[in-house]
Amino acid sequence: MLKRVNKSPFTAVAGSEKPSVIACMNRNPALAWMFLWCLSAALMLGFLPRMAMAGSLSSYDLALADAQSKQEPEEDYYEDEMIEDVSDPLEPFNRAMFVFNDKLYFWVLKPVARVYNEILPEPLRLSFKNFFLNLLTPVRAVNCLLQGKPDAFATELGRFVINTTMGVYGFGDAASVCFDIRRKDEDLGQTLGVYGAGPGVYICWPVFGPSNIRDTIGMVGDGFLNPLYFWPQESAYRIGISGFKVVNGTSLELGEYESIKKAAIDPYVAVRDGYQQYRKNKIKE
Amino acid sequence: MTARYGRVFFMSACLVFLLSSFFSSPVWAGELIDKVKETTDKIIAIVSNPEMKKAEKAAERKRLIREAIDERFDWDEMAKRTLARHWAGRSDAEKKEFVALFGKLLERTYLDKVEGYSGEKVNYEDETIDGQYGTVKVGIITTQDKSISVFYRLKKIGSDWFVYDISIEGVSLINNYRNQFNSIITKSSFQNLMERLKSNVEEGK
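Everything quoted here is computed from the prediction, not taken from an experiment.

## A short note on the nonpolar core
At step 1: If you look at the biggest cluster of nonpolar residues, it comprises 47 residues, and the most contacted ones within it are F98, F102, Y152 and L193 of chain B.
At step 2: Per-element tally for this core: the top contributor is helix 5 (residues 92–115) of chain B, with 9 residues.
At step 3: Within the second largest apolar cluster, 10 residues are counted, among which are Y105, Y202, Y268 and V271 of chain A.

## A short note on the environment of V138 of chain B
All names here are of chain B.
At step 1: Among the structural elements, V138 can be located in strand 2 (residues 133–141).
At step 2: Put simply, V138 and K37 are 101 residues apart on the chain and 9.7 Å apart in space, counted from C-alpha to C-alpha.
At step 3: If we skip the residues at most four places from it in the chain, V138 touches V122, N123, Y124, E125, I148, S149, V150 and Y152.

## A word on the packing of helix 2 (residues 31–47) of chain B against helix 3 (residues 58–72) of chain B
Residue and element names in this part refer to chain B.
At step 1: Contact pair helix 2 / helix 3: the axes reach a minimum separation of 10 Å and the direction vectors enclose 175°. With respect to helix 3, the element helix 2 is oriented roughly antiparallel. On helix 3, the residues that touch K35, E38, T39, K42, I43, I46 and V47 of helix 2 are R61, L64, I65, A68, I69, E71 and R72.
At step 2: A per-class count over the contact of helix 2 with helix 3 returns 7 nonpolar, 1 polar and 6 charged.

## Structural notes on the sheet that holds strand 3 (residues 147–157) of chain B
Within a sheet, neighbouring strands are paired by backbone hydrogen bonds and run either parallel or antiparallel to one another.
Residues and elements named next belong to chain B.
At step 1: Read across the open sheet, the 5 strands follow the order 1-2-3-4-5; overall the sheet is antiparallel. Whereas interior strands pair on both sides, the edge strands pair on one side only; in this sheet they are strand 1 (121–130) and strand 5 (171–172).
At step 2: In this fold helix 4 (residues 75–83) packs onto strand 2, strand 3 and strand 4 (160–168), with an angle of close to 45° to the strand it touches most, strand 4.

Here is what the cut-offs are and how they apply
- Residues numbered from 1 in each chain as written.
- Chains lettered and ligands numbered in written order.
- Predicted model: local features only at pLDDT ≥ 70, side-chain atom pairs only at ≥ 80, totals over all residues.
- Heavy atoms only, no water.
- Core = buried A, V, L, I, M, F, W, Y, C linked by side-chain atoms within 4.5 Å.
- Buried < 20%, exposed > 50% of the residue type's maximum accessible area, 1.4 Å probe, protein only.
- Helix = DSSP H or I, 4+ residues; strand = E, 2+ residues; numbered from the N terminus.
- Contact = heavy atoms within 4.5 Å.
- Axes fitted to C-alpha atoms, helices over the stretch in contact; angles between N-to-C directions.
- Parallel < 35°, antiparallel > 145°, perpendicular 65-115°, else oblique.
- Nonpolar A, V, L, I, M, F, W, Y, C, P; charged D, E, K, R; others polar.
- Pairing = 2+ DSSP bridges.

Encoded structure:
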């Protein structure tokens, strides 16, 4: 065994010098230090908002716990009113936009995605999707921190390191496949929800689809953490990249919207309610 | 040289994994899981049987899946819960007709879903029982390696358990239909809802 000066913090733990599969990826001890530093920073930063919340939000937490316990014995609850409280004063506008998006999907997006589907095999399309998801790590990681979830922040950070190196610039999701470390889908809309913001008025945006006041603010805020906001400078390229991302994403989800629509009696209400339930659950997680 | 950094990598991955696994739940097995698993396994066996994929077997395949679902799903309970406060005011004939139609719609929706089965993995993660109500938590890993969380809600009738709601990624099927039906009934009428239900079931055949 060769003796050498070793600066990596993990040397003490690592025993024999047997070669391993992961080995070839990195030759820089700085990485190991950076990783440790980031982890400890994550733990400390993550705990700060949690400690701050302990005082101010305790009554809110209690109220939440109370509401949950009251819901439980749901015997014969179909006799009571359990109807949504979605605020939808914009319904005429929203319904018009829903029809617009529906046509946009069936007349433009779907035909394009189907051709694209024929040209590129699924693994390649999946790897493009992974690449874009990896680029959005800052959005998820920052929101994990803002929500006081140090473990989720560490997960996102670890996933970024693993996927950018082992996954080759994020095209492969090595963290999921090799280590079963799954993505933490956090965004600013959810963060606002965690701090008690209600959804507000429901909005169906043209092109962007279902949203509400809270999630629209969140979407705009998250936009500043999207690498596409900084680069490239030319808006034509940015639009091109975004368009490609949408087509690629759609090609992997062909048929999903169709099956929702087929199962629905009023597709507009089905999507509106589905969106609200989905977001409520995401915030609770 | 390379071995050392391989280990660094492995250690850091382990650390992240440990951190992230603090909050994941252990694998469970219990009464409710057995019930849901039995039905799911039966359906998977039918849809992945190559013999059943032949065109001339299509009708038989549908019938077998339908039987398997009917055993475990409580269409009555589902129909009541989706009409909610509009249930009590209906006549017996209306109730009967609604349960039959809605059952058909749900059956077809479920059938469409399982017929598209292409080797997704089903993990049974947890079950909870609270009196005569219970929940089974299931994780589905798609062929695109996407994980989807599904909750089956069951109710005990006699000595057996029956599914009355499925929620996928936090979206409860029954809540979703309840809001659609309420919107239609309050804006027009129960008759209008029945007409729209009928045309949907007819179209989807």
